[in-house]
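# Secondary and tertiary structure notes
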Amino acid sequence: MNVDLRSDTVTRPTPAMRAAMADAIVGDDVYGEDPTVTELETRVAALLGHEAGLFVPSGSLGNQLGLRLLVRPGQELVCDSLAHVARAELGAAAVFSGITFRTWPAVRGRLDVEDVRGLISPDAGPYLVSTAAVAVENTHNFGGGSVQPPDQVAAVQKLARDCGLALHLDGARLWNAHVATGAPLTELAAGFDTASVCLSKGLGAPVGSVLVSTADRIAEARIWRKRYGAGMRQAGILAAAGLYAIDHHLARLAEDHERARRLGSELGADPATIDTNIVVLDVADAASIATAAAAEGVLVSALGPRFLRLVTHLDVDDDAVDHAVAVLGPLLAR
């Protein structure tokens, strides 16, 4: 039996999703003529309580366009040191938009307004870099799928507004936060100037994210999307998968969360640290454990010398969890 716990990006479209893709009504989206893409953009924007949306191929591009809209070249974005935009997008904000970063350390990636207050430098004058925006990730990937505390999100938003700073939400797994907490998506995305959500992680679509913001910002982002070479033609085939995922795979994320808690508990993780579908294990040698597990058909991610990540998803059922525990348990006990 093979079990892939490296990421929730490894899911494969279900037969019903493939059928929806095959039946999609399409047009040329660069001309704004693909009705299925337009439906997806409108739907996601409404779900998140924003004016407009833009379908993009990846979460990284959604984030990069969002940051581009908020931070001018030479200005500064602040975020935590484990944030995806800082750690896992290959320096794209610096390369493409001239954005500099400063970061604060955060336990499990969770916000604390005092960390932000101690770092920001609005209107820094002619000799220092001025902070232009704050990025928040919810749920937090390298923090172990942690859900951001609502009171701290609100406090950071107030601080940013008081200081004239913009706010970007990396909501790649915001769907998981919604299902885990019961908080409406509109509430989770409120107060942010730009927000990006992924369709190709827990929701199980093969490709795509949606950036949401005001209509004016999205019109500008559409230009930058084309400039970055990401204009898509008959993209309704892909958008149809996203629409199907929202309709059929959103509520079932609760199953992934329950399996992650069981998986983590049986492997010695503290259940209190497993908010959603990601399990992080602190081990002596992550690379060697990942290699040994792969030899027995269980794939996991070694993301640091001691950092082992396991992610449950659409293609991981109860039997797969049992097999993963049977393989990883002895390896971790060595």
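The paragraphs below set out a description of the structure included in this document. The shown structure was predicted, so the numbers you read here are calculated from the model rather than taken from an experiment. (Residues numbered from 1 in each chain as written. Predicted model: local features only at pLDDT ≥ 70, side-chain atom pairs only at ≥ 80, totals over all residues. Heavy atoms only, no water.)

A tally of regular secondary structure across the protein gives 14 helices and 12 strands. In terms of principal-axis extent, the alpha carbons of the protein reach across some 55 × 50 × 35 Å. Within the span of the protein, comprising 334 residues, buried residues form 56% of the whole. Look at the contacts in the protein between residues 6 or more apart in sequence, and 75% of them connect residues 24 or more apart. Carbon and sulfur atoms make up 54% of the accessible area of the protein, which totals about 13,600 Å². (Helix = DSSP H or I, 4+ residues; strand = E, 2+ residues; numbered from the N terminus. Buried < 20%, exposed > 50% of the residue type's maximum accessible area, 1.4 Å probe, protein only. Contact = heavy atoms within 4.5 Å. Areas by Shrake-Rupley, 256 points an atom, 1.4 Å probe, with all protein chains shown as cover.)

On to the packing of helix H3 (residues 59–70) against helix H10 (residues 215–227), then. When two helices pack together, their arrangement is captured by the angle between the axes and the distance separating the axes. Taken N-terminus to C-terminus, the directions of H3 and H10 make an angle of 120 degrees; their axes are 10 Å apart at the nearest point. With respect to H10, the element H3 is oriented oblique. Read as a crossing pair, H3 and H10 show a hand that is right-handed. From H3, Leu-61, Leu-65, Arg-68, Leu-69 and Leu-70 reach across to H10, where they touch Arg-217, Glu-220, Ala-221, Trp-224 and Arg-225. Of the residues that constitute the contact of H3 with H10, the class distribution is 6 nonpolar, no polar and 4 charged. (Axes fitted to C-alpha atoms, helices over the stretch in contact; angles between N-to-C directions. Parallel < 35°, antiparallel > 145°, perpendicular 65-115°, else oblique. Left-handed = near helix turned anticlockwise from the far one by under 90°. Nonpolar A, V, L, I, M, F, W, Y, C, P; charged D, E, K, R; others polar.)

In total, this model carries 22 salt bridges according to the counting rule given. Where Glu-41 meets Arg-222, a salt bridge forms, and the shortest distance between an N and an O atom there is 3.5 Å. Here the residue Glu-41 occupies a position in helix H2 (residues 35–48), and Arg-222 occupies one in helix H10, the gap between them amounting to 181 residues. Assessed through its relative accessible area of 28%, Arg-222 is described here as partly exposed. (Salt bridge = Lys/Arg side-chain N within 4 Å of Asp/Glu carboxyl O.)

So, on to the pairing of strand E5 (residues 131–137). The buried fraction of E5 amounts to 7 of the 7 residues, a majority that puts the element mostly inside the structure. Pairing geometry for E5 and strand E6 (residues 166–171), over 5 bridges, is parallel. Among the inter-strand pairings, Val-136 is bridged to a residue of E6, identified as Leu-169. The parallel pair E5 and E6 is bridged by helix H7 (residues 150–162), and the resulting crossover is right-handed. (Pairing = 2+ DSSP bridges. Right-handed = clockwise from strand over helix to strand, strands pointing away.)

On any regular strand, side chains alternate: one points to one face of the sheet, the next to the other face. Burial analysis of strand E8 (residues 209–213) places 5 of its 5 residues in the buried class, the great majority of the element. Going residue by residue along E8, you find Ser-209, Leu-211 and Ser-213 tucked away on one face and Val-210 and Val-212 tucked away on the opposite face as well. Pairing of strand E7 (residues 194–198) with E8, which is carried by 4 bridges, proceeds in the antiparallel orientation. For Ser-196, the partnering residue across the bridge sits in E8 and is Leu-211.

Considering the arrangement of structural elements, one finds Glu-89 in the loop between helix H4 (84–87) and helix H5 (92–97). Buried and without a salt bridge, Glu-89 has Lys-201 as its closest oppositely charged side chain, separated by 7.9 Å. Polar side-chain contacts of Glu-89 include one of 2.8 Å to the side chain of Asn-63. (Lys, Arg positive; Asp, Glu negative; His and termini not counted. Polar contact = N/O pair within 3.5 Å; in protein donor to acceptor, adjacent residues only side chain to side chain.)

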